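Examination of the molecular architecture
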Amino acid sequence: MAQSIAPPTVTSTDATGTAVTPLPLRAVLPWAVFVGTLMLVLLYFVGAEQGATSVFSGAEVHEWVHDGRHLLGFPCH
């Protein structure tokens with residue numbers, strides 16, 4: 001007797017009676033990695049750019065993220 005490799009589809013209903021199907025991890029994982037990487041790049045530019053680890057020369061990046069640095073508690077001057 002052969003067994004199916006794919007897991008059975010599990011549905012449940014919410015309070016309104018609408019069927020809810022959970023998302024598989026393989027569908028969510030690439031987006032989670034993309035958003036996580038994007039957040040790390042954003043955190044770098046807000047928190048560390050124009051310092052000892054500067055990627056771009058000049059003060060343009062600093063001026064664009066200056067208020068964000070203070071809002072998030074990063075010292076910049």
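Secondary structure assignment for the protein yields 2 helices and 2 strands. Walking the protein from its N terminus toward its C terminus, one meets helices and strands in the order β-β-α-α. Looking at the protein as a whole, 9% of its 77 residues qualify as buried. Within the protein, counting contacts between residues at least 6 apart in sequence, those at least 24 apart form 12% of the total. If you sum the accessible surface of the protein, you get close to 6800 Å²; carbon and sulfur atoms cover 70% of it.

Looking at the element boundaries, His 66 is found in helix 2 (residues 60-72). Those residues in contact with His 66 that sit more than four places away from it in its chain are Cys 76 and His 77.

Glancing now at a nonpolar patch on the surface. Taken together, the side chains of Trp 31, Phe 34, Val 35, Leu 38, Met 39 and Leu 42 present a nonpolar region at the surface, about 660 Å² in accessible area. Along the chain, Met 39 turns up in helix 1 (residues 25-47).

Another aspect to go through is the packing of aromatic side chains. Evaluation of the coordinates by the stated rule reveals 1 aromatic pair. Centre to centre, the rings of Trp 31 and Phe 34 are 6.3 Å apart; their planes meet at 90°, and the pair counts as edge-to-face. With Trp 31 and Phe 34 both in helix 1 and 3 residues apart, the pair spans about one turn of that helix. The exposure class assigned to Phe 34 is partly exposed, which follows from its relative accessible area of 48%.

Rules and cut-offs
Residues numbered from 1 in each chain as written. Predicted model: local features only at pLDDT ≥ 70, side-chain atom pairs only at ≥ 80, totals over all residues. Heavy atoms only, no water. Helix = DSSP H or I, 4+ residues; strand = E, 2+ residues; numbered from the N terminus. Buried < 20%, exposed > 50% of the residue type's maximum accessible area, 1.4 Å probe, protein only. Contact = heavy atoms within 4.5 Å. Areas by Shrake-Rupley, 256 points an atom, 1.4 Å probe, with all protein chains shown as cover. Patch = residues over 30% accessible without salt bridge, like charges linked within 9 Å, V, L, I, M, F, W, Y side chains within 5 Å. Salt bridge = Lys/Arg side-chain N within 4 Å of Asp/Glu carboxyl O. Phe/Tyr/Trp six-rings, centres within 6.5 Å; stacked < 30°, edge-to-face > 60°.

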